Amino acid sequence: MAKPTRSPGDTRNSAEPPATFNRTERALAFMVGGIFIAGFLCMIAMIVMWLTVPTAQSGMPWPVIMAIPLIGFPIGMVLMLVLLAITWTRRARANREAR
């Protein structure tokens, strides 16, 4: 498993330890964010296209742009659930070790 990254800041004076994210969690978080941002940008591009040139739907890039949110949002939701499962598992293990 990937090693956790070092947390910034002074941990000696804090009441609770800072949260550390391992590389897997960080990569999943950026993947989820990137997929959702790409989906929203494609949706905005589709709305602008439909408002400006409604007959351009049959042109080549538009079918691909229309398909990205249809594929990206479900994949992003699955990755988000995987990220939540990994985070909950790590915290449960940390709580068991703290007892």
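A. Fine view of the overall build of the protein chain. A tally of regular secondary structure across the protein chain gives 2 helices and 0 strands. Taking all contacts inside the protein chain whose residues are at least 6 apart in sequence as the whole, residues at least 24 apart take part in 49%. Carbon and sulfur atoms make up 70% of the accessible area of the protein chain, which amounts to about 7700 Å² in all.

B. Quick look at the nonpolar core. If you look at the biggest cluster of nonpolar residues, it comprises 6 residues: Leu28, Val32, Phe36, Phe73, Leu79 and Leu83. With sequence-adjacent residues up to four places away left out, Leu83 is seen in contact with Glu25, Leu28 and Ala29.

C. Up close: helix 2 (residues 61-98). Between its first and last C-alpha atoms helix 2 spans 54 Å; for 38 residues at 1.5 Å apiece the expected length is 56 Å, and the two agree. By the burial criterion, the buried members of helix 2 are Trp62, Pro69, Gly72, Phe73, Gly76, Leu79, Leu83 and Thr87.

D. A nonpolar patch on the surface, seen in detail. A cluster of nonpolar side chains, namely Met77, Met80, Leu81, Leu84 and Trp88, defines an oily patch on the protein surface of about 510 Å² accessible area. Note that Met80 resides in helix 2. What makes Met80 partly exposed here is its relative accessible area of 30%.

E. Spatial organisation of the packing of helix 1 (residues 23-52) against helix 2. Running from N to C, helix 1 and helix 2 cross one another at 155 degrees; their axes reach a closest spacing of 8 Å. In terms of orientation, helix 1 and helix 2 fall into the roughly antiparallel class. The chirality of how helix 1 crosses helix 2 is left-handed. Here the residues of the contact of helix 1 with helix 2 sort into 26 nonpolar, 5 polar and 2 charged.

F. Molecular detail of the environment of Met31. Tracing the sequence through the fold places Met31 in helix 1. Along the sequence, Met31 and Ile75 sit 44 residues apart, while their C-alpha atoms lie 9.9 Å from each other.

G. View of helix 1. Look at helix 1: 43 Å from first C-alpha to last across 30 residues, which is about the 44 Å you get at 1.5 Å a residue. Looking only at helix 1, the buried set comprises Glu25, Leu28, Val32, Phe36, Gly39, Cys42, Met46 and Met49. In this fold, the buried residues of helix 1 make contact with helix 2.

H. Seen up close, the packing of aromatic side chains. If you walk through the whole model with that rule in mind, you get 2 aromatic pairs. A ring pair is formed by Phe36 and Phe73, whose centres lie 5.9 Å apart and whose planes are at 35 degrees; its orientation type is tilted. Pair noted here: Phe36 is in helix 1 and Phe73 is in helix 2, with a separation of 37 residues, a long-range link. Side by side, Phe36 and Phe73 carry an identical accessibility label, which is buried. Relative to Phe73, the ring of Phe40 lies with its centre 5.3 Å away and its plane at 55 degrees, an arrangement referred to as tilted. You can see Phe40 sitting in helix 1 and its partner Phe73 sitting in helix 2, a full 33 residues away along the chain. Using a relative accessible area of 48% as the deciding quantity, one classes Phe40 as partly exposed. One aromatic cluster is present, built from ring pairs that chain together Phe36, Phe40 and Phe73.

Calculation rules
Residues numbered from 1 in each chain as written. Predicted model: local features only at pLDDT ≥ 70, side-chain atom pairs only at ≥ 80, totals over all residues. Heavy atoms only, no water. Helix = DSSP H or I, 4+ residues; strand = E, 2+ residues; numbered from the N terminus. Contact = heavy atoms within 4.5 Å. Areas by Shrake-Rupley, 256 points an atom, 1.4 Å probe, with all protein chains shown as cover. Core = buried A, V, L, I, M, F, W, Y, C linked by side-chain atoms within 4.5 Å. Buried < 20%, exposed > 50% of the residue type's maximum accessible area, 1.4 Å probe, protein only. Expected span 1.5 Å × (residues − 1). Patch = residues over 30% accessible without salt bridge, like charges linked within 9 Å, V, L, I, M, F, W, Y side chains within 5 Å. Salt bridge = Lys/Arg side-chain N within 4 Å of Asp/Glu carboxyl O. Axes fitted to C-alpha atoms, helices over the stretch in contact; angles between N-to-C directions. Parallel < 35°, antiparallel > 145°, perpendicular 65-115°, else oblique. Left-handed = near helix turned anticlockwise from the far one by under 90°. Nonpolar A, V, L, I, M, F, W, Y, C, P; charged D, E, K, R; others polar. Phe/Tyr/Trp six-rings, centres within 6.5 Å; stacked < 30°, edge-to-face > 60°.

All we've got here are geometric facts, nothing functional implied.
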